[in-house]
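Listed here are the chains, written in short residue letters.
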Amino acid sequence: EADIYQTPRYLVIGTGKKITLECSQTMGHDKMYWYQQDPGMELHLIHYSYGVNSTEKGDLSSESTVSRIRTEHFPLTLESARPSHTSQYLCASSGSRSSNQPQHFGDGTRLSIL
Amino acid sequence: GENVEQHPSTLSVQEGDSAVIKCTYSDSASNYFPWYKQELGKGPQLIIDIRSNVGEKKDQRIAVTLNKTAKHFSLHITETQPEDSAVYFCAASIGTGGFKTIFGAGTRLFVKA
């Protein structure tokens, strides 16, 4: 049963369009993450957030931006999509400020830029 | 920098056999080691985890062992079934409440019926 939701699941769109990938979680988790993953391959962290109004860049450079205005919502935006942005984007969240906890992943958005 | 090496990248076993996936981490400050299973079209899902104060943990057909001295940990799946076929990721988390979770590159497990 998913407590973290990503929309859309699939998106095929032309070059130059502005795209927003949505991610919402109902668990009240402070920490949220965005990963880029070619299906079944390595996970690359591109953004994360400690909580509301906190956003940080991850290990993999990305032209996307994120915002965290509400605890449950962590959207990712591409201002001008390019074919190199074609990939799968996974959102995750984790709880607890005091100890490491597992990450809960959404089922991803598969993005294709033509 | 910190990294987690995972082997093998692909593993094929006969149904009923055991499967073992091994990971090595570099940062001795790592204290939490989750394992995730990713099925086709889904996000990774936690299947078992272990903390650095424990050497072994078991949950039905799945077990994880941790050797802190050697900085490696392993996933053991016994009596494999076709539904165990998936990509498995190990990870190592550093510090308390920190963000540094390093994932391995994944192992694609095929269980042949």
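Let me begin by describing the structure that accompanies this report. Small disclaimer: the values here were computed from a predicted structure and weren't measured.

Thresholds applied
Residues numbered from 1 in each chain as written. Chains lettered and ligands numbered in written order. Predicted model: local features only at pLDDT ≥ 70, side-chain atom pairs only at ≥ 80, totals over all residues. Heavy atoms only, no water. Pairing = 2+ DSSP bridges. Helix = DSSP H or I, 4+ residues; strand = E, 2+ residues; numbered from the N terminus. Axes fitted to C-alpha atoms, helices over the stretch in contact; angles between N-to-C directions. Disulfide = S-S within 2.5 Å. Contact = heavy atoms within 4.5 Å. Buried area = accessible area lost by both parts, 1.4 Å probe. Polar contact = N/O pair within 3.5 Å; in protein donor to acceptor, adjacent residues only side chain to side chain. Phe/Tyr/Trp six-rings, centres within 6.5 Å; stacked < 30°, edge-to-face > 60°. Buried < 20%, exposed > 50% of the residue type's maximum accessible area, 1.4 Å probe, protein only. Lys NZ or Arg CZ within 6 Å of the ring centre and 35° of its normal. Core = buried A, V, L, I, M, F, W, Y, C linked by side-chain atoms within 4.5 Å.

**Let's talk about the sheet that holds strand S6 (residues 56-59) of chain B**
Residues and elements named next belong to chain B.
At step 1: The antiparallel open sheet is built from five strands, whose spatial order is S1-S3-S8-S7-S6. Only two strands of the sheet have a single partner each, and these edge strands are strand S1 (4-7) and S6. Strand-to-strand, the axes of this sheet are offset by a mean angle of 15°, without reference to chain direction.
At step 2: Pairing of strand S7 (residues 62-67) with strand S8 (residues 72-77), which is carried by six bridges, proceeds in the antiparallel orientation.

**Some points on the state of the cysteines**
Residue and element names in this part refer to chain A.
At step 1: The full count for this structure, using the stated rule, is two disulfides over all chains.
At step 2: Between the sulfur atoms of Cys23 and its disulfide partner Cys91 the distance amounts to 1.9 Å. Its S-S torsion of about -75° marks the bond between Cys23 and Cys91 as left-handed, since a negative value means left-handed. Highlighted residues: Cys23 in strand S3 (residues 19-25) and Cys91 in strand S9 (residues 87-94), separated in sequence by 68 residues.

**Description of the interface of chain A and chain B**
Much of the literature gives interface size as the accessible area that the parts lose upon coming together.
At step 1: Listed as interface residues are 26 residues of chain A and, on the opposing side, 26 residues of chain B.
At step 2: The junction of chain A with chain B conceals about 2000 Å² of combined surface from both sides, 51% of it contributed by carbon and sulfur atoms.
At step 3: Of all residues in chain A, A:Leu43, A:Asn100 and A:Phe105 bury the most surface against chain B, accounting for 29% of the area lost on that side.
At step 4: Inspection of the region where chain A meets chain B yields four residue pairs in polar contact (both at pLDDT 80 or more).
At step 5: Elements with a contribution of two residues or more to the side of chain A that touches chain B: strand S4 (31-37), strand S5 (44-49) and S9 of chain A.
At step 6: For the side of chain A that touches chain B, the leading source of residues is S4(A), giving four residues.

**Examining the packing of aromatic side chains**
At step 1: One pass over the full model with this rule turns up eleven aromatic pairs over all chains.
At step 2: Their ring planes at 45° and their centres at 4.8 Å tell us that B:Tyr25 and B:Phe33 sit as a pair that is tilted. Accessibility assignment for this pair places B:Tyr25 and B:Phe33 in one class, buried.
At step 3: Three or more aromatic residues joined by ring pairs make a cluster, and in this case those are A:Tyr33, A:Tyr35, A:Phe105, B:Tyr36 and B:Phe103.
At step 4: The aromatic ring of A:Phe74 is capped on one face by A:Arg68, whose charged end is 5.8 Å from the ring centroid.

**Quick look at the sheet that holds S3(A)**
Residue and element names in this part refer to chain A.
At step 1: With antiparallel pairing, the four strands of this open sheet are ordered in space as S1-S3-S8-S7. The sheet terminates laterally at strand S1 (4-7) and strand S7 (65-66), the two strands that pair on one side only.
At step 2: Relative to strand S8 (residues 76-78), S7 runs antiparallel, the two sharing two bridges. If you follow Val66 over to S8, its bridge partner there is Leu76.

**Describing the nonpolar core**
At step 1: B:Trp35, B:Phe73, B:Leu75, B:Tyr88 and B:Leu109 are the most contacted members of the largest nonpolar core, which totals 25 residues.
At step 2: Contact partners of B:Tyr88, with chain neighbours within four places excluded, come to B:Gln6, B:Ile21, B:Tyr36, B:Lys37, B:Ile47, B:Leu75, B:Ile77, B:Gly106, B:Thr107 and B:Leu109.
At step 3: Grouped together as the second largest cluster of nonpolar side chains are 17 residues, A:Ile4, A:Cys23, A:Ile46 and A:Val66 included.

**Some thoughts on unusual backbone geometry**
At step 1: In this structure, A:Pro8 follows A:Thr7 across a cis peptide bond, with omega equal to -5°.
At step 2: For A:Pro8, the position within the fold is in the loop between S1 and strand S2 (10-13).
At step 3: With omega at -5°, the peptide bond leading from B:His7 into B:Pro8 counts as cis.
At step 4: With respect to the helices and strands, B:Pro8 occurs in the loop between S1 and strand S2 (10-14).
At step 5: Phi is positive for B:Lys71, which is not a glycine, with a value near 55°.
At step 6: Residue classification places B:Lys71 among the partly exposed residues on the basis of a relative accessible area of 26%.
At step 7: A positive phi is found at B:Glu79, a non-glycine position, where the angle reads about 45°.
At step 8: Note on placement: B:Glu79 falls in the loop between S8 and strand S9 (86-94).

That is the geometry; function is a separate question.
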